[in-house]
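Each chain is listed here by its residues.
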Amino acid sequence: MPRVLQITDTHLYADPDGCLLGLPTRRSFEAVLALARVLADGREPDAVLLSGDLVHDERPEGYLYLRGRMQDLGIPFHAIPGNHDRVGLLAGHLDPGAGQRVRGVLVGGWHLVLLDSTLPGEDGGRLGPDGLMALDLTLGACPGLPTLVCLHHQPVPVGSPWLDGIGLADGEALLAVLARHAQVRGVVWGHVHQEFDGVRSGLRLLGTPSTCVQFLPDSADFALDTRTPGLRWLDLLPDGDIETQVVRLAAYPDPIDLRQTGY
Ligand SMILES: [Fe+2]
């Protein structure tokens, strides 16, 4: 039974003390990474999914730092870009596969299909007809493997208009493709800096907190949340079920000013 650890929206900087909205993102990431070592049953993940917005300053150092920390863990890792990433830097310095629009990796008996949902220069995402067709072909080639689809942008509204305005523009088209492939059991994403757990037509839909600042759920406009940074683990069962849990820090590693109005 493969176990996948999802780490997302690390927003790292070349400067080790670099801050997002006053929060030093490397310190927060390190604190969350330490959580990965104390999962309930102590069993290590088989793979780490890094689901975008990994670096915030369009420089290579954050990717190199992240690569070093993943290599220290000694667990295979797979990265996809978010709107704050530069795909060339991500592919060049962290994960060469991240330059592909659609790719599949096998983890245990499961198929992880990783999508690049980014649009250069835009916060919102889109797969487009070509991306959706490539996904359809990838899924059609592996009908017998339970499958988890991974991307940065949320394909369904999460309830915050400001965030849903920069989600996946063709989310419904994505779900229509997935509905044609019964082996697809779930979709996971980052981007929203909050937990989301839903089901639609038997498909598990999962959004995951950032390792740094959290966005307030159900807020019309940008607002920060008091909930703490975290990660998600996923146990992918042989029958296609997904057991998953978000784990959060007990407290922020540094005090955070919640009165920020944007980023
Ligand atoms: Fe982010």
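Here, every reference points to the structure presented above.
First things first, this report covers the structure right here in the doc. Just so we're clear, the structure is a prediction, and the values are computed from it rather than from any experiment.

## Here we look at the overall build of the chain
Here comes step 1: Of regular secondary structure, the chain possesses six helices and 13 strands.
Here comes step 2: Relative to the compact-globule value of 18 Å for 263 residues, the chain shows a C-alpha radius of gyration of 17 Å, a close match.
Here comes step 3: By principal-axis analysis of the C-alpha atoms, the chain measures approximately 45 × 40 × 35 Å.
Here comes step 4: Counting across all 263 residues of the chain, residues that qualify as buried make up 42%.
Here comes step 5: Sequence separation of at least 24 residues holds for 68% of the intrachain contacts in the chain that already meet a minimum separation of 6.

## Here's the deal with the sheet that holds strand 11 (residues 203-207)
Here comes step 1: Pairing within the open sheet is mixed, and its six strands lie in the order 6-7-8-9-11-10. Both edges of this open sheet fall to strand 6 (102-107) and strand 10 (196-200), since each of them pairs with a single strand only. Within the sheet, the average angular offset between the axes of one strand and its neighbour, ignoring direction, is 20°.
Here comes step 2: Summarising the sheet, strand 6 and strand 7 (residues 110-115) pair through six bridges and their orientation is antiparallel. Looking at strand 7, one finds that leucine 106 is bridged to histidine 111.

## A closer look at the pairing of strand 7
Here comes step 1: Where burial is concerned, most of strand 7 is hidden: six out of the six residues are buried.
Here comes step 2: The side-chain alternation of strand 7 yields two buried faces, one formed by Trp110, Leu112 and Leu114 and the other by His111, Val113 and Leu115.
Here comes step 3: The antiparallel pairing of strand 6 with strand 7 creates a hairpin that spans two residues between the two strands, and glycine 108 there sits at a positive phi of about 60°.
Here comes step 4: Bridging between strand 7 and strand 8 (residues 147-150) involves four bridges; their strand directions are parallel. Following the sheet pairing, leucine 114 is matched in strand 8 by cysteine 150.

## Describing helix 1 (residues 25-35)
Owing to its 3.6 residues per turn, the α-helix aligns residues three or four sequence positions apart on the same side.
Here comes step 1: Among the residues making up helix 1, those that are buried are Thr25, Arg26, Ser28, Phe29 and Val32. Taken down its axis, helix 1 places every buried residue within 160° of arc, on the same side.
Here comes step 2: Looking at the buried residues of helix 1, the elements they touch are strand 2 (19-20), strand 3 (23-24) and strand 12 (230-236).

## Re unusual backbone geometry
Here comes step 1: The phi dihedral of histidine 11 falls on the positive side, at around 50°, and the residue is not glycine.
Here comes step 2: Topologically, histidine 11 is positioned in the loop between strand 1 (3-7) and strand 2.
Here comes step 3: Not every positive phi belongs to a glycine, and leucine 21 is a case in point at roughly 55°.
Here comes step 4: Looking at where leucine 21 falls in the secondary structure, it is placed in the loop between strand 2 and strand 3.

## Some thoughts on the pairing of strand 13 (residues 242-248)
Here comes step 1: In the sheet, strand 12 pairs with strand 13 via seven bridges, with the strands oriented antiparallel. From the neighbouring strand, leucine 231 faces strand 13, where its bridge partner is valine 247.
Here comes step 2: Taking the residues between adjacent antiparallel strands as the criterion, strand 12 and strand 13 are bridged by five residues, where glycine 240 takes a positive phi near 100°.

## A look at the environment of leucine 94
Here comes step 1: Of note, leucine 94 is situated in the loop between helix 3 (87-93) and strand 6.
Here comes step 2: Residue leucine 94 is classed as buried on the basis of its C-beta count, with 25 C-beta atoms lying within 10 Å.
Here comes step 3: In this structure, the C-alpha to C-alpha distance between leucine 94 and valine 187, residues 93 residues apart in sequence, is 23 Å.

## Structural notes on the sheet that holds strand 13
Here comes step 1: Pairing in this open sheet of five strands is mixed, and the strands run 5-4-1-12-13 from one edge to the other. Strand pairing shows two members of the sheet lacking a second neighbour, strand 5 (77-79) and strand 13, which therefore form its edges. Sheet twist, expressed as the average angle between the axes of neighbouring strands with direction ignored, equals 20°.
Here comes step 2: Examined bridge by bridge, strand 1 and strand 12 share four bridges and lie antiparallel to one another. Residue pairing in the sheet places glutamine 6 in a bridge with arginine 232 of strand 12.

## A few points about the environment of leucine 249
Here comes step 1: Along the chain, leucine 249 falls in the segment after strand 13.
Here comes step 2: Assessed through the 18 C-beta atoms surrounding it within 10 Å, leucine 249 is described here as partly exposed.
Here comes step 3: Spatially, the C-alpha atom of leucine 249 lies 5.9 Å from that of proline 229, the residues being 20 residues apart in sequence.

About the thresholds
Residues numbered from 1 in each chain as written. Predicted model: local features only at pLDDT ≥ 70, side-chain atom pairs only at ≥ 80, totals over all residues. Helix = DSSP H or I, 4+ residues; strand = E, 2+ residues; numbered from the N terminus. Rg over C-alpha atoms; globule rule 2.2 N^0.38 Å. Buried ≥ 20, exposed ≤ 12 C-beta atoms within 10 Å, placed from the backbone. Contact = placed C-beta atoms within 7 Å. Pairing = 2+ DSSP bridges. Axes fitted to C-alpha atoms, helices over the stretch in contact; angles between N-to-C directions. Arc of directions from axis to C-beta.

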